[in-house]
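Structural description and commentary
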Amino acid sequence: MSKTIKRIGVMTSGGDSPGMNAAIRSVVRTCAYHNIECVGIYRGYEGMIEGDFKAMDARSVKGIINKGGTVLKSARSKEFRTEEGRKTAHQKLTEANIDALVLIGGDGTFTGGLIFNKEYDFPIIGIPGTIDNDIYGTSHTLGFDTALNTVVECIDKIRDTASSHNRLFFVEVMGRDVGHIALNAGVGAGAEEILIPEEDLGLDRLLESLQRSKQSGKSSSIVVVAEGDKIGKNVFELKDYVEENMIEYDVRVSVLGHMQRGGSPSCFDRVLASRMGVKAVESLLEGKTNYMVGLLNDVMALTPLEQAVKGKSKINKELLRVSDIMTT
Ligand code: F6P
C-alpha cells in the first residue's frame, strides 16, 4: 500500500535548461490544484543534504514561466554519491515531512534518484531537463527546442559575416556525447556540413565536401560541429587542418558554449514543461514511482526510470538523409 502523499518536494539538478522554471511552476500549481503542499529544494541533492528547502505555493511561481535557468538553482553533488550523504538527505526530507520527489534533470539526476529510492523506498518521478535531448523515453527533453532556436539564431548571425568575408566557419555546439543539437540546428540553419559523434564523416570526406561546396560556387560555408564529435580534431585543430590543405579557404571558429543553455524558453518548451509537471505530480498521487515523464507521439508517457537511464537516444536517420540531400 503506497503511503498517502501530502507534501511533494521538487528540485532541479545537473546542467540547467530553459523550461525548468516552467516545469517548477507546473509542479507547484498542480500540487495546489490537488490541495497538497509543495516544497522547493534548492541546489539539487546538495541542498537536499543541507535541508535547503522553501515552501512554495501557486503565487510563489508567478512570472517565471518565461525565465531561463532555474529559480531553485542546480548543483552536482559528490556527497549524494555516498551512503552517508543520502542518509542525511533522507533525514532532512523526513524532518520536513516531504513524502515524494519530482526530480527535474538528466541521467545523472535520475541515477541518484534510483539509488535513493532503493535505499529508502522514497517515491520519485523524473522530468527530463537538459538541452542535449539525450534521454531515452522522450522525443524532447526540456530545453532542447529552445537551444535549437538559440543555435539557429547564432548561426544566422555568423553566416552574415561569413558571407561578407567569403569565410568558412566551424561552429561548435553543445550536446555532450550526442549530436541532436548539431544535426537539427545544422539543418535548420542550412549548414554546409554537420559533424556529429553518431556518424564518423572522416577528414577526407570533410575536405571533399568543402571542395564540392567551393566548386559549386559557394563563397562561404558553415560547418556545425557537435562537441562530442569523434573526427579526432577539435574545432581549432580542424581550422588549422583545412587551412593547411585548402589554402583557398579563410577559416574562423565560433564556440557557442553556455549561451545555448540560457534564454527565455520557447513556447514549445513552456507547454512541454507544463504538461510534464502535471503528469509527474498526478503520477505520484496515483501511487506511481520510479518513472520518467516523457513526450512520445505527442502524448505524455511514463518510462521506467531504469530504462530511461540505461537507454540510448537515437539519431533520426531520416533527418540525417535530409541533411545529406540539403548539403548537395
Ligand atoms: O548537459 C548539458 C550540457 O550543456 C552539455 O551539453 C555540456 O557538455 C555540459 O552540460 C556542460 O557542463 P557544465 O555546465 O558543467 O560546463
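Use the structure listed above.
Considerations on the side chain of Thr141
- Mapped onto the fold, Thr141 is located in the loop between strand S5 (124–128) and helix H5 (144–164).
- If near-sequence neighbours (up to four positions away) are discounted, Thr141 is found in contact with Pro128, Thr130, Ile131, Asp132, Asn133, Asp134, Ile135, Asp269 and Leu272.

Considering the environment of Ile135
- Among the secondary structure elements, Ile135 is positioned in the loop between S5 and H5.
- Residue class for Ile135 comes out buried when judged on its relative accessible area of 2%.
- Distance in space between the C-alpha atoms of Ile135 and Ser209 is 31 Å, their sequence separation being 74 residues.
- If sequence neighbours within four positions are ignored, Ile135 has contacts with Gly105, Gly106, Asp107, Phe110, Pro128, Thr130, Thr141, Met292, Ala308 and Ser313.

A look at the site of the ligand
- Taken together, Arg76, Thr130, Ile131, Asp132, Met174, Gly175, Arg176, Glu227, His258 and Arg261 are the residues near the ligand.
- Within the contact set of the ligand, an oxygen atom lies 3.1 Å away from a backbone nitrogen or oxygen of Gly175.
- Separating an oxygen atom of the ligand from a side-chain N or O atom of Arg261 is a distance of 2.8 Å.
- The fraction of the free accessible surface of the ligand (400 Å²) that becomes covered by protein chains is 77%.

A closer look at the sheet that holds strand S8 (residues 221–226)
- The strand order across the open sheet formed by four strands is S7-S8-S6-S9, and the pairing between neighbours is parallel. Each edge of the sheet is formed by a strand with only one pairing partner; in this case those strands are strand S7 (193–195) and strand S9 (250–255). Strand-to-strand, the axes of this sheet are offset by a mean angle of 20 degrees, without reference to chain direction.
- The pairing of S7 with S8 spans three bridges and is parallel. Each residue of the ladder has a partner; that of Ile194, found in S8, is Val224.

Definitions and limits used
- Residues numbered from 1 in each chain as written.
- Predicted model: local features only at pLDDT ≥ 70, side-chain atom pairs only at ≥ 80, totals over all residues.
- Heavy atoms only, no water.
- Helix = DSSP H or I, 4+ residues; strand = E, 2+ residues; numbered from the N terminus.
- Contact = heavy atoms within 4.5 Å.
- Buried < 20%, exposed > 50% of the residue type's maximum accessible area, 1.4 Å probe, protein only.
- Near = heavy atom within 4 Å.
- Polar contact = N/O pair within 3.5 Å; in protein donor to acceptor, adjacent residues only side chain to side chain.
- Areas by Shrake-Rupley, 256 points an atom, 1.4 Å probe, with all protein chains shown as cover.
- Pairing = 2+ DSSP bridges.
- Axes fitted to C-alpha atoms, helices over the stretch in contact; angles between N-to-C directions.

This is a description of form; function is not addressed.
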